[in-house]
Amino acid sequence: MGDRPCDQVRVRVPATSANLGPGFDAFGLALTLYDELVVTPGGSGVTVQVSGCGADDVPLDESHLVVRSIRYGLEALGVEVPGFTLRCENRIPHGRGLGSSSAAIVGGLAAAYGLAGEPVDRERLLRMANELEGHPDNVAAAVYGGFTVAWLDGEDGRAVRLDPADGIGAVAYVPSTRVLTKEARGLLPSVVPHGDAAANAGKAALLVVALTQRPELLLTATEDRLHQEFREPAMPESLALVHKLRGSGLAAIVSGAGPTVVVLGGTGFPPPPDGWERHDLTVDPVGVQVWSMEAG
């Protein structure tokens with residue numbers, strides 16, 4: 001809590017894909033698509049500049065999610081920074097199931113560590129991010145990188161990080177339309193058959209093996225009975241694409257709450273449907289990164 005040691009803080013935070021089929025609200029994968037933040041302390045208020053995804057839709061004041069996360073982190077760290085300028089370069093599409101909100105939260109909290117002149121405590125950062133996000137799957141992958149398994153310990157978000165097998169990639173098919181997470185969750189039933197729950201438990205365990213050691217098992221290991229099909233009314237084109245890709249032998253899943261479709265591993269990917277974008281990605285190995293630098 002001493003003098004501020006830097007003029008600017010730069011943060012890079014990856015996109016994430018959660019659930020990965022059977023790992024509902026538990027599994028996450030960090031991807032090589034990034035939002036970047038630059039925070040310059042000074043003055044008594046906030047100035048927010050946004051370019052890229054969502055630039056015309058997000059607030060440019062204290063209600064901006066990154067700003068709220070910075071403030072939350074600074075308060076938790078016991079540091080006062082009355083004012084700052086925030087520049088956001090967004091590459092993660094908003095409302096598409098690639099963790100844009102989690103990236104904003106994790107990026108803002110990491111920036112708070114930089115402003116405080118402290119090294120990032122990733123375990124504590126995850127706990128704070130979970131407090132803001134409400135569930136730890138996406139934020140865990142954004143914090144740690146790689147493949148993460150997250151859970152709640154009481155109200156605390158916890159996670160372990162695993163290294164994916166060499167060569168595991170992810171192709172993201174991103175539609176032009178958004179789906180709100182609240183809308184997608186609202187379609188889920190409160191009760192599922194015991195057989196479906198048991199099947200998902202087995203496939204989730206298998207997916208850990210497939211992602212870390214046996215990629216040839218990815219198609220079988222990504223089968224889901226808990227959430228994807230129930231969400232079809234909100235994203236029929238996404239489910240149709242999942243079925244088409246899986247029918248071709250590709251391990252396709254709905255990314256997070258959708259509507260993006262992600263294929264894990266595999267080769268011979270088809271072009272995206274009309275109006276969709278395709279991103280050929282790899283797994284980000286490190287999660288959120290913070291640099292302190294001189295202004296200018």
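Everything quoted here is computed from the prediction, not taken from an experiment. (Residues numbered from 1 in each chain as written. Predicted model: local features only at pLDDT ≥ 70, side-chain atom pairs only at ≥ 80, totals over all residues. Heavy atoms only, no water.)

Participant: Is there a simple way to think about helix α4 (residues 137-144) in this case?
Facilitator: Residues lying three or four places apart along an α-helix face the same way, a consequence of the helix completing one turn every 3.6 residues. With 8 of 8 residues buried, α4 is to be regarded as a mostly interior element. For α4, the complete set of buried residues consists of D137, N138, V139, A140, A141, A142, V143 and Y144. Structurally, α4 contributes buried residues whose contacts are with β1 (8-18), β2 (27-41), α2 (100-116), α3 (122-133), β5 (147-153) and β6 (156-162). In the stretch just after α4, G145 is the one whose phi turns positive, near 75°. (Buried < 20%, exposed > 50% of the residue type's maximum accessible area, 1.4 Å probe, protein only. Helix = DSSP H or I, 4+ residues; strand = E, 2+ residues; numbered from the N terminus. Contact = heavy atoms within 4.5 Å.)

Participant: Just checking my understanding: could you explain the side chain of Q8 for this structure?
Facilitator: Summarising the element assignment, Q8 is placed in strand β1. A distance of 3.0 Å separates a polar atom in the side chain of Q8 from a polar atom in the side chain of T40. (Polar contact = N/O pair within 3.5 Å; in protein donor to acceptor, adjacent residues only side chain to side chain.)

Participant: Explanation requested: the sheet that holds strand β9 (residues 261-264) in the structure shown.
Facilitator: Note on sheets: strands pair through backbone hydrogen bonds, and any given pair is parallel or antiparallel. If you walk across this open sheet you meet the 4 strands as β8-β9-β7-β10, and the pairing is antiparallel. Each end of this open sheet is capped by a strand with a single partner; those strands are β8 (251-254) and β10 (277-282). When strand polarity is set aside, the average angle formed by the axes of neighbouring strands in this sheet is 25°. With 6 bridges connecting them, strand β7 (residues 169-174) and β10 associate as antiparallel partners. Within β10, the position partnered with G169 by the bridge is T282. This element, helix α8 (residues 236-247), spans β7, β8 and β9 of the sheet and lies at about 165° to β8. (Pairing = 2+ DSSP bridges. Axes fitted to C-alpha atoms, helices over the stretch in contact; angles between N-to-C directions.)

Participant: Looking at this structure, how should I read the packing of α3 against α4?
Facilitator: When two helices pack together, their arrangement is captured by the angle between the axes and the distance separating the axes. Relative orientation of the contacting elements α3 and α4 amounts to 150°, with a least axis distance of 9 Å. Comparing their axes, α4 and α3 come out roughly antiparallel. Crossing of α3 over α4 shows right-handed handedness. Only V139, A140, V143 and Y144 of α4 make contact with α3, whose side of the interface consists of R122, E123, L125, L126, A129, N130 and E133. Here the residues of the contact of α3 with α4 are counted per class, giving 7 nonpolar, 1 polar and 3 charged. (Parallel < 35°, antiparallel > 145°, perpendicular 65-115°, else oblique. Left-handed = near helix turned anticlockwise from the far one by under 90°. Nonpolar A, V, L, I, M, F, W, Y, C, P; charged D, E, K, R; others polar.)

Participant: What should I look at first to understand the side chain of R246 in this one?
Facilitator: Mapping R246 onto the fold places it in helix α8. A distance of 2.8 Å separates polar atoms of two side chains, one belonging to R246 and the other to T222. Among residues more than four places away in sequence, those in contact with R246 are L219, T222, E223, A251 and A252.

Participant: Looking at this structure, I do not really get α2. What am I missing?
Facilitator: Taking 1.5 Å as the rise per residue, α2 with 17 residues should run 24 Å; its terminal C-alpha atoms sit 24 Å apart, in good agreement. Counting buried positions along α2 gives 16 out of 17 residues, so the element sits mostly inside the fold. Phi turns positive one or two residues past the end of α2, at G117, with a value near 70°. (Expected span 1.5 Å × (residues − 1).)

Participant: Before we go on, may I ask you to explain the layout of surface pockets in this structure?
Facilitator: Empty space among the atoms can be located by rolling a probe the size of a water molecule over them. Roughly 750 Å³ of volume is contained in the largest pocket. Along its surface, the largest pocket is lined by 41 residues, and G95, G99, S100, S101 and S102 are the ones closest to its centre. Looking at the lining of the largest pocket, the elements that each hand over two or more residues are β1, β2, α1 (65-77), β4 (84-90), α2, α4 and α5 (181-186). Ranked by the residues each element gives to the lining of the largest pocket, the list is headed by α2, at 5 residues. Residue composition of the lining of the largest pocket, by class: 15 nonpolar, 16 polar and 10 charged. (1 Å grid on protein atoms, 1.4 Å probe; cavity = no way out; pocket = protein on both sides within 12 Å on 5 of 7 lines; lining within 4 Å. Points joined across faces, edges and corners; volume = space filled by probe spheres on them.)

Participant: Before we go on, may I ask you to explain the packing of aromatic side chains in this structure?
Facilitator: Two measures describe an aromatic ring pair: the distance that separates the ring centres and the angle between the ring planes. Going through the model one piece at a time under the given rule, you end up with 1 aromatic pair. With a centroid separation of 5.3 Å and an interplanar angle of 85°, the aromatic rings of F27 and F147 are classed as edge-to-face. With F27 in strand β2 and F147 in strand β5, this residue pair connects regions lying 120 residues apart in the sequence. Each member of the pair, F27 as well as F147, carries the same accessibility label: buried. Over the face of the ring belonging to W291 we find R10, whose NZ or CZ atom lies 4.6 Å from the ring centre. Sitting over the ring of Y34, R12 keeps its end group 3.8 Å from the ring centre. (Phe/Tyr/Trp six-rings, centres within 6.5 Å; stacked < 30°, edge-to-face > 60°. Lys NZ or Arg CZ within 6 Å of the ring centre and 35° of its normal.)

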